Every structure is written in C-alpha cells, then in structure tokens.
Amino acid sequence: MLEHTELFFKSIFIDNMVFATFLGMCSYLAVSKKVSTAVGLGAAVIFVLAVTVPLNWLLDQYLLRDGALSWLGPEYADYNLSFLSFILFIATIATMVQLVEIVVEKFSPALYNSLGIFLPLIAVNCAILGGSLFMQAREIPSLGLAFNYGLSSGIGWFLAILAIAAIREKIRYSNVPPPLRGLGITFIITGLMAIGFMSFGGMLTGGDEAAPVPEETAVQKKAEEEKMNLEEETEQTTVSYNAIEKE
C-alpha cells in the first residue's frame, strides 16, 4: 500500500510529465486557452494513460523483453523482441485514442469540435508514449503499479494543463507587455510553475534514504577527533624535543 501511495504522489508532483520532463507541451500550450477545453483534453489523457500503460506493461512482460516468451516453452526463452517496443506501444495508444475520439464525438460534440485536431493527436502525444517508455525503463514490477503509474501520470498532466488554462484566462484581463503576450508569458509562467513543483522533491526523501547520514556523520566526527589527537601529540612531541635541546 505504501509503495502505491508513494508512486501515486511522486508521479503527480515530483515526476510530473509537464513540469519535470516537459512532455506533451504541444497540446499543453495549444489547448490551454480555456478551462473547459483543458478539462476535456486532460480527462482524455488520464483515460488513455490509465489504459495504455498497464496494457503495454503486459506486452512488455509477456512478449517484448528478453525471455518474455518463455511461457510458450523453453525453446522460446532466448527470444528478445524488445526492438518492437515502439511499434506495439504506439499501436496500443492509437487504438485507445481512436476509442476516446469515438466516445467524445458521440456524447459531447461541442467538446469534440473545440478540441479539433488535438484529440486525435493524443496518439502521437509524447507524454502518452513517454508514460509507457518510463514504465518500461523503471521496470515497474506489477500490473497494479503500472496502472497506478499511468493514472497518476495522467492526473499530473491534467493538473498542469488545468492550472495554466486558469491562469491564461485571468491573464486576458492583465496588462502584459506586448512582446510577452501569448506564448511568451505562457512559457514564463510554465517555467515558474516547474520551479514551484521542484519543491515537492523533498516530500518522499525520508526513511531508508536518510538512514546512512548519521553513520557518515559519526565516521567523519571520529576522523576529526583522531586528527586533533594526532596534532596534539605532534605538538607535545615538538615541545619536549625543544626542551631537551635547551638542556
């Protein structure tokens, strides 16, 4: 349970797709002019990430990685299909995006029209593919954790685009200098928000990672004490030698 909680909050705040790795910036900048549109696209990204990351985890575990085909028999244990990762991951993502597009067009035509070309472009959104590739690189051990990672990464991207959309709506009524209007001020705000999200990096640094520090401090303190004792002994020896010479 602790592992799930740690991964959930870390993926949202510390390893945020937008503010930590700057993935999915094209949709983030283009569809963040209105909060309603940002909410619709953010919800679609959450759904696609929550579905594709665990599906791609299954593909990686039972088809792609070295020795993954051993469940078919010992003669397949040496097969390594990892070179197909990009193709199969993108195929899974494109399938899910097509499903989302059909559902949105059916039940919310207004949102479908406002999203325009950016809804089908989720299929080539680097944040979506990045979620599956990060899952593979970090060797997430279970299907549940893969689902957790996909869902929390989507929520992190959703919070990012929702925040910038709310700010951009307010900025319309602000006196922004002409050279910075539009994308200029948006990039500046995004950078400041990324710096703000860096402060969450200390949330999950306790526990085992902090344990070795006292031991290192004790060793350093002991070394300093030994050095001081050695200096005192050397000084006493020098004084005694000088006294003997005077005699």
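Quantities reported herein were computed from a predicted structural model and do not represent experimental measurements. (Residues numbered from 1 in each chain as written. Predicted model: local features only at pLDDT ≥ 70, side-chain atom pairs only at ≥ 80, totals over all residues. Heavy atoms only, no water.)

## Some points on the overall build of the chain
Within the chain, the regular secondary structure consists of 9 helices and 0 strands. For the chain, contacts bridging at least 24 residues in sequence account for 76% of all contacts bridging at least 6. Within the structure as shown, the chain displays about 14,700 Å² of accessible surface, and the carbon and sulfur contribution to it stands at 65%. (Helix = DSSP H or I, 4+ residues; strand = E, 2+ residues; numbered from the N terminus. Contact = heavy atoms within 4.5 Å. Areas by Shrake-Rupley, 256 points an atom, 1.4 Å probe, with all protein chains shown as cover.)

## Regarding the pattern of salt bridges
Where charged atoms of side chains with opposite charge meet at close range, the side chains can pair. For the structure on display, the rule yields 2 salt bridges. We note a salt bridge from Arg138 to Asp15, for which the minimum N-O separation is 3.9 Å. Of this pair, Arg138 sits in the loop between α6 (126–137) and α7 (143–171) while Asp15 sits in the loop between α1 (2–14) and α2 (25–30), and the two are 123 residues apart along the sequence. Judged by relative accessible area, which is 25%, Asp15 ranks as partly exposed. (Salt bridge = Lys/Arg side-chain N within 4 Å of Asp/Glu carboxyl O. Buried < 20%, exposed > 50% of the residue type's maximum accessible area, 1.4 Å probe, protein only.)

## A closer look at the layout of surface pockets
Gaps left between atoms are located by rolling a probe of water-molecule size over the structure's atoms. In this structure, the largest pocket occupies an estimated 220 Å³ of space. If you trace the largest pocket, you find it lined by Glu3, Glu6, Leu7, Lys10, Ser11, Asp15, Arg138, Glu139, Ile140, Pro141 and Leu145. Residue contributions to the lining of the largest pocket peak at 5 residues, all from α1. For the lining of the largest pocket, a count of residues per class yields 4 nonpolar, 1 polar and 6 charged. In this structure, the second largest pocket occupies an estimated 190 Å³ of space. Taken together, Lys33, Arg168, Ile171, Arg172, Ser174, Val176, Arg181, Gly182, Ile185 and Thr186 form the lining of the second largest pocket. Listed by contribution, the elements that provide at least two residues to the lining of the second largest pocket are α7 and α8 (183–198). (1 Å grid on protein atoms, 1.4 Å probe; cavity = no way out; pocket = protein on both sides within 12 Å on 5 of 7 lines; lining within 4 Å. Points joined across faces, edges and corners; volume = space filled by probe spheres on them. Nonpolar A, V, L, I, M, F, W, Y, C, P; charged D, E, K, R; others polar.)

## Thoughts on the packing of aromatic side chains
Counted according to the given criterion, the structure contains 8 aromatic pairs. Relative to Phe200, the ring of Phe13 has its centre 4.8 Å away and its plane inclined at 40°; by these criteria the two rings are tilted. With Phe13 in helix α1 and Phe200 in the loop between α8 and α9 (212–246), this residue pair connects regions lying 187 residues apart in the sequence. Owing to a relative accessible area of 27%, Phe200 belongs among the partly exposed residues under this scheme. Each residue in the set Phe8, Phe9, Phe13, Phe19, Tyr28, Phe197 and Phe200 is aromatic and connected to the rest through ring pairs, giving one cluster. Just above the ring of Phe134 sits the side chain of Arg138; from NZ or CZ to the centre is 5.0 Å. (Phe/Tyr/Trp six-rings, centres within 6.5 Å; stacked < 30°, edge-to-face > 60°. Lys NZ or Arg CZ within 6 Å of the ring centre and 35° of its normal.)

## With respect to the UniProt feature "transmembrane region" (unreviewed entry) in the chain
Per the UniProt annotation, the sites labelled "transmembrane region" (unreviewed entry) are residues 12–31, 38–59, 79–104, 111–134, 146–167 and 179–200. Here residues 12–31 runs as 45% helix and 0% strand, with 20 Å between its end C-alpha atoms. End-to-end, the C-alpha atoms of residues 179–200 are 32 Å apart, and along that stretch the chain is 73% helix and 0% strand. (UniProt positions renumbered as here; feature names shortened; annotations may be inferred.)

## A closer look at α6
The end-to-end C-alpha separation of α6 is 15 Å, in line with the 16 Å expected for 12 residues at 1.5 Å each. Along α6, the positions that sit buried rather than exposed are Ala127, Ile128, Leu129, Gly130, Gly131, Ser132 and Met135. Where α6 is buried, its residues touch α3 (35–64), α4 (85–107) and α7. Between the side-chain oxygen of the N-cap and the backbone nitrogen of Ala127 there are 3.0 Å, and the N-cap of α6 in question is Asn125. (Expected span 1.5 Å × (residues − 1). Polar contact = N/O pair within 3.5 Å; in protein donor to acceptor, adjacent residues only side chain to side chain.)

## Re the packing of α3 against α7
Packed helices, taken two at a time, are described by the angle their axes make and the gap between the axes. Closest axis-to-axis distance for the α3/α7 pair is 8 Å, and the angle between their directions is 165°. Classified by the interaxial angle, the pair formed by α3 and α7 is roughly antiparallel. Crossing of α3 against α7: the hand is right-handed. Split into classes, the residues belonging to the contact of α3 with α7 amount to 25 nonpolar, 4 polar and 1 charged. (Axes fitted to C-alpha atoms, helices over the stretch in contact; angles between N-to-C directions. Parallel < 35°, antiparallel > 145°, perpendicular 65-115°, else oblique. Left-handed = near helix turned anticlockwise from the far one by under 90°.)

## Looking at a nonpolar patch on the surface
The grouping of Leu55, Leu58, Tyr62, Trp71, Leu72, Tyr76, Tyr79 and Leu143 at the surface amounts to a nonpolar patch, some 770 Å² of accessible area in total. The element best represented in the nonpolar patch is α3, accounting for 3 residues. In this structure, Leu55 sits in helix α3. (Patch = residues over 30% accessible without salt bridge, like charges linked within 9 Å, V, L, I, M, F, W, Y side chains within 5 Å.)

## Side note on unusual backbone geometry
One non-glycine residue with positive phi stands out, namely Phe22, at about 55°. Relative to the helices and strands, Phe22 resides in the loop between α1 and α2. Taking relative accessible area as the criterion, Phe22 reaches 44% and is therefore assigned partly exposed. A positive phi is found at Glu139, a non-glycine position, where the angle reads about 55°.

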